[in-house]
Amino acid sequence: MTQARAAAPRLATWLAAAALIIVLDQATKLYFDSAFQYGERLNVLPFFDFTLLYNRGAAFSFLASEEGWQRWFFTALGVGASIVIVWLLRRTAGQPRFSLALTLIMGGALGNVIDRVAYGHVVDFLLFYWRDWHYPAFNLADMAITCGAVLLVVDELLRARKRPTAQD
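Remember, it's a predicted structure, so these values are computed and weren't measured experimentally. (Residues numbered from 1 in each chain as written. Predicted model: local features only at pLDDT ≥ 70, side-chain atom pairs only at ≥ 80, totals over all residues. Heavy atoms only, no water.)

This part takes up the UniProt feature "transmembrane region" (unreviewed entry) in the protein chain. When the UniProt feature table is mapped onto this chain numbering, "transmembrane region" (unreviewed entry) sits at residues 72-89, 98-114 and 134-154. The span residues 72-89 shows a helical share of 100% and a strand share of 0%, and its end C-alpha atoms are spaced 25 Å apart. For residues 134-154, the helix share is 71%, the strand share is 5%, and the end-to-end C-alpha distance is 28 Å. (UniProt positions renumbered as here; feature names shortened; annotations may be inferred. Helix = DSSP H or I, 4+ residues; strand = E, 2+ residues; numbered from the N terminus.)

Bringing the UniProt feature "active site" (unreviewed entry) in the protein chain into the picture now. Per the UniProt record, the feature "active site" (unreviewed entry) sits at Asp124 and Asp142. Spatially, the listed residues are clustered: although they cover 19 residues, their C-alpha atoms lie within 9.0 Å of one another. Residue position: aspartate 124 is located in strand E3 (residues 122-130). Residue contacts for aspartate 124: discarding those within four places in its chain leaves Thr51, Leu52, Leu53, Asn55, Ala137, Phe138, Asn139 and Asp142. Relative to the assigned elements, aspartate 142 resides in helix H4 (residues 140-162). Those residues in contact with aspartate 142, other than ones at most four positions away along the chain, are Asn112 and Asp124. (Contact = heavy atoms within 4.5 Å.)

As a further point, take the pairing of strand E2 (residues 48-55). As judged from the 4 bridges shared by strand E1 (residues 41-45) and E2, these two strands associate in the antiparallel manner. Across the sheet, asparagine 43 pairs through a bridge with aspartate 49, a residue of E2. Connecting E1 to the next strand, E2, in antiparallel fashion are 2 residues. Examined bridge by bridge, E2 and E3 share 6 bridges and lie antiparallel to one another. Pairing of tyrosine 54 across the sheet is with valine 123, part of E3. (Pairing = 2+ DSSP bridges.)

Counting residues in each nonpolar core, the largest one holds 9 residues, listed as Leu11, Trp14, Ala18, Ile85, Leu89, Phe98, Leu102, Ile105 and Met106. Looking at which element gives the most residues to this core, the answer is helix H3 (residues 96-119), with 4 residues. Other than its neighbours up to four places away in sequence, phenylalanine 98 contacts Thr92, Leu152, Asp155 and Arg159. Judged by nonpolar contacts, the second largest core, of 8 residues, contains Phe32, Phe36, Val123 and Phe138. (Core = buried A, V, L, I, M, F, W, Y, C linked by side-chain atoms within 4.5 Å. Buried < 20%, exposed > 50% of the residue type's maximum accessible area, 1.4 Å probe, protein only.)

Phi at arginine 131 is positive, roughly 55°, even though this residue is not glycine. Tracing the backbone through its elements, the reader meets arginine 131 in the loop between E3 and strand E4 (133-134).

Right, let's talk about the sheet that holds E2 for a bit. A sheet is described by the order of its strands in space; here 4 strands give the open sequence E1-E2-E3-E4, paired in antiparallel fashion. Edge strands, defined here as strands with exactly one partner in the open sheet, are E1 and E4. The pairing of E3 with E4 spans 2 bridges and is antiparallel. What sits directly across from tyrosine 129, in E4, is histidine 134. Across the sheet, H3 lies against E2 and E3, angled at about 120° from E3, the strand it touches most. (Axes fitted to C-alpha atoms, helices over the stretch in contact; angles between N-to-C directions.)

Here's what the structure looks like:
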């Protein structure tokens, strides 16, 4: 069996996992967008609320106050990153930790791309805070991107520990 044929089922598995992330992300966003009024908060824990907020920018509302061009910039960035990720997934079939990290990032990126195209903003609904300090609201797609990025760092650190050094 050729390497490409062996990699195809693994690629399909990673793409299915990314699709599952997208479905879960979109389902939760649809729920909060329909069940809450904009800005409404429901206290869950002394440091956590469900809410409904919109973000026209990127992480931490980066570029949110711009006049609208950022919608298409971040959409293109998410689609472009996803294309590169699919290419990388095809090439790295034997690296499950790396592939999982890429899958999380791609699923999250495309979940937010869908929001940008459909609504012009990203729907956020998770809000952590302590007294007067508030962490910016976020969603499942943001969580997937963050977990994927952390896993990429962990993967690289673990791979670096296995590499022989020049002194070995």
